[in-house]
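Results of the structural survey
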Amino acid sequence: MQAKTKPTAIIVGAGPGGLASAMLLAYSGVDVTVIEKESKVGGRTKLVEKDGFTYDRGPTFFHYPEVIEQIFQAVGLDAHKELELIPLTDPSYRLVFGAGGQIDATSDLDLMTERIRELSGDKNARGFEKYVKDNRKKLDLSKACLQTPWTGPSNLFTRRAMRVAKVLKPWASVASDLRKNFDDERIRLAMSFQTKYLGMSPFHAPSLFTILAFLEYEHGIFHARGGLGSITPKLAKIAEGFGAKIRTSTPVKELIYEGKTVVGVKLEDETIYADKVVVNADFAHAMTTLVPDEKRKKWSNKKLEKKGYSCSTFMLYLGMDKTYDDQPHHQIYASQRYEENLNDITNHKITWDDPSLYVQNACVTDPQLAPEGCSTLYVLVPVPNTHESINWEDIKDEYRDVILKQMAKLGYDDVADHIVSETIVTPDDWGASDIYRGAVFNLAHNLGQMLWRRPQNRFEEAKNLYIVGGGTHPGSGLPTIFESARISSKLLLADLGLDPDWNGVSNWFPEVKKPKVNTQNSGSKKRNHASGEGHAA
Ligand SMILES: Cc1cc2nc3c(=O)[nH]c(=O)nc-3n(C[C@H](O)[C@H](O)[C@H](O)COP(=O)(O)OP(=O)(O)OC[C@H]3O[C@@H](n4cnc5c(N)ncnc54)[C@H](O)[C@@H]3O)c2cc1C
């Protein structure tokens, strides 16, 4: 008897979203081929190695591990063990205010309340207790919305949407919502700067996102031994263990259509076909380069041009000939002109005078990232996404000097004398690495570009095409990107008629009717298909 062929899927891009999908799909009985343009997997979440120093290219804060814990549980593994997550409990990070004072954030809620009392008095300490209580409820009510796919406005009438409506307050921004709890502007800032993780200003981000700071206090912040960039090769290895094939240094040139159905991808000198295609490459970049404009209406080139995008970042990766043992792992400086600085970013202006910035001193937790007696400093400055009025090549050296001086405000007052290795990355560099407008946190997360108004997980403008990563629902940031991988994988598996056993983790969405299993789709058809054994039930 002829063995039944497995259904096939191609994943374009080996970022965290693509690799988490590869793990879930390969485990569930799909023959997966990941195609990655670069020589290494990881995308924005990879390690940068230079002169004996190792840096994270992008993410340094690992938040809300619940999603990745469940993804690992689904495939029979333990995320904490596999990824070597290290909790940073006290301080999780230090926040230094240009306006004066500083606070060490901690996930010990009682200790945090006391620190707020010390800095800002009783009223703000009580405000924090209330903030925690309110946001615990808010997260609880909004979770199902963030973990379920959205297909259109009619979803607003579902039970899950009704629940979240109680806390959504679409008229309020994060900053305005916090006023009711805190009268000290610095504490409002401490509870709201996290919208920068979405590349947004708290003055514009919807009030739903007050949950971001709460997630840090409630669930903690983690480092991964070897850097967060070490996570993606581990995901790749696990996916390969389940039979996925990962082809690096292989750019996809085009998605192949038959009518409205995506049937495969064109490479430099090869075309490969699959039952399903998943795009993990930056959404707007992928659409404008891999999909003919006439195949898109809602997401045409013209409409993509008009969408809102996140900020970009100016980066310094510094190899130091000394260690900074007294400095915390994460430190953030909030400009005295915080709101003006944010407005500058939105208005495509560079803040020269007192910009906000973030410094990671990872070696204080993870000395293996630098040679003995040395350390790495990762510096991130939120700046505008690419714009014709800014030529970074002309200004980057001058800006670098401004930033080195600014670092003294975080206690790094001797940096210039101790740099032995250095890399500068500007928004133009991000833009040149396949990120639309260098907007590293993807499409902005305003209500007009969220839920069903964000590119949908089962892509609405083509058959057999799915999106994972920061460009789809629920949004940018590692936990949400992993969630997008889980949502899109659930949809794809159900569309293939597969009903895998995920070790006690549901392979469908609460309160959403599961479609009838259609086994017709589950076998692979003829042609040059990407091929193996799976764990599908
Ligand atoms: C500086 C910075 C700091 C960040 N900090 C944090 C943080 O602290 N915490 C957090 O949770 N998140 C953070 N993020 C956001 C987010 O977690 C990462 O950007 C994440 O890597 C995005 O994942 P992704 O799956 O969407 O895609 P990406 O990581 O962008 O991966 C997409 C992949 O697709 C590949 N690709 C593109 N085009 C093609 C093609 N034509 N053919 C084949 N392959 C292609 C790319 O090479 C890339 O490998 C940060 C991001 C940046 C840039």
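Residues numbered from 1 in each chain as written. Predicted model: local features only at pLDDT ≥ 70, side-chain atom pairs only at ≥ 80, totals over all residues.

**Comments concerning the packing of helix α1 (residues 16-27) against helix α16 (residues 478-495)**
Between two packed helices, the angle of one axis relative to the other and the distance separating the axes together describe the packing. Put simply, the rule reads: Each axis is a line fitted through C-alpha atoms, taken for helices only over the stretch in contact, and angles between the N-to-C directions span 0 to 180 degrees. A run of H or I in DSSP counts as a helix once it spans at least four residues, and a run of E counts as a strand once it spans at least two, with each numbered from the N terminus. Angular relationships are summarised with four words: roughly parallel below 35 degrees, roughly antiparallel beyond 145, roughly perpendicular across 65 to 115, and oblique for the angles in between. The sense of a crossing depends on the near helix, which, turned anticlockwise from the far helix by less than a right angle, makes the crossing left-handed and, turned clockwise, makes it right-handed. This entry defines residue contacts through backbone-placed C-beta atoms, with two residues in contact when those atoms are within 7 Å. Residue type decides the class: Asp, Glu, Lys and Arg count as charged, Ala, Val, Leu, Ile, Met, Phe, Trp, Tyr, Cys and Pro as nonpolar, and the leftover types, Gly among them, as polar.
Two elements in contact, α1 and α16, have axes separated by 8 Å at closest approach and are oriented at 40 degrees. Compared by their axis directions, α1 and α16 come out oblique. Every pair of crossing elements has a handedness; the one defined by α1 and α16 is right-handed. Between α1, through P16, G17, A20, S21, L24 and L25, and α16, the contact on the second element is made entirely by L478, I481, F482, S484, A485, R486, S488, S489 and L492. Split by residue class, the contact of α1 with α16 holds nine nonpolar, five polar and one charged.

**Overview of the nonpolar core**
Operational definition: Put simply, a nonpolar core is a cluster of buried Ala, Val, Leu, Ile, Met, Phe, Trp, Tyr and Cys residues tied together by C-beta atoms within 7 Å. Counting other C-beta atoms within 10 Å of its own, a residue is labelled buried from 20 upward, exposed at 12 or fewer, and partly exposed in the gap between, with every C-beta atom placed from the backbone.
Residues V12, M23, A239 and V379 are the most contacted members of the largest nonpolar core, which totals 153 residues. The element that contributes the greatest number of residues to this core is α1, accounting for eight residues. Residue contacts for A239: discarding those within four places in its chain leaves L19, A22, M23, A26, V32 and A244.

**What to know about helix α5 (residues 122-146)**
What counts here: Working rule for helices: expected span equals 1.5 Å times residues minus one. The angle separating two fitted axes, one through the seven residues that finish at a residue and one through the seven that start at it, defines the bend at that residue.
Between its first and last C-alpha atoms α5 spans 34 Å; for 25 residues at 1.5 Å apiece the expected length is 36 Å, and the two agree. At D140, α5 is bent by approximately 30 degrees, the largest bend along its length. Those residues of α5 lying buried are N124, G127, F128, Y131, N135, K138, L139, S142, C145 and L146.

**Details of the environment of A281**
On the secondary structure map, A281 appears in the loop between β14 (276-279) and α11 (283-290). In the structure, A281 is positioned 186 residues away from I467 in sequence and 8.8 Å away in space, judged by C-alpha atoms. Setting aside its immediate chain neighbours within four residues, A281 contacts V12, G13, A286 and D434.

**Quick look at the sheet that holds strand β11 (residues 254-258)**
Going by this rule: Two strands make a pair as long as DSSP finds a minimum of two bridges between them.
Strand order in the open sheet made by the three strands is β11-β12-β13, with antiparallel pairing throughout. At either margin of the open sheet sits one strand with a lone partner, and together these are β11 and β13 (271-273). Each neighbouring strand pair of the sheet contributes to a mean axis angle of 35 degrees, computed without reference to strand direction. Looking at chain direction, strand β12 (residues 261-266) and β13 are connected through three bridges and run antiparallel. Residue G264 lies in a different strand from β13, and its bridge partner there is Y273.

**Some remarks on unusual backbone geometry**
Geometrically, the link from D90 to P91 is a cis peptide bond, its omega value of -5 degrees lying close to zero. With respect to the secondary-structure elements, P91 resides in the loop between β6 (85-87) and β7 (93-97). Residues H473 and P474 are joined by a peptide bond in cis, for which omega reads 5 degrees. Along the polypeptide, P474 turns up in the loop between β20 (465-467) and α16.

**Comments concerning the sheet that holds strand β19 (residues 419-425)**
Two orientations exist for strands paired in a sheet by backbone hydrogen bonds: parallel and antiparallel. The strand order β8-β7-β16-β17-β18-β15-β19 describes an open sheet built from seven strands, whose pairing is mixed. In this open sheet, the two strands that pair with only one neighbour each are β8 (102-105) and β19. Strand-to-strand twist of the sheet, defined as the mean angle between neighbouring strand axes without regard to direction, takes the value 15 degrees.

**Side note on the site of the ligand**
In plain terms, the rule: Nearness here is judged by the C-beta atom: place it from the backbone, and if it falls within 6 Å of a molecule or strand, the residue counts as near that partner. Domain start and end points were adopted from an automatic or database domain assignment.
Near the ligand you find 37 residues, and of these G13, G15, G17, G43 and G469 are the closest. Secondary structure elements with two or more residues in the shell around the ligand: α1 and α16. Of the residues forming the shell around the ligand, the biggest block, three residues, is contributed by α1. Of the domains in this structure, domain 1 (8-83 + 228-307 + 442-521) and domain 3 (311-437) are the two that each give at least three residues to the shell around the ligand.

**Quick look at the domain arrangement of the protein chain**
Per the domain assignment, the segments of the protein chain are domain 1 (8-83 + 228-307 + 442-521), domain 2 (104-219) and domain 3 (311-437). Distance from the C-alpha centre of domain 2 to the C-alpha centre of domain 3: 27 Å. Taken residue by residue, the interface counts six residues in domain 2 and eight residues in domain 3. Of the residues that constitute the side of domain 2 that touches domain 3, the class distribution is three nonpolar, two polar and one charged.

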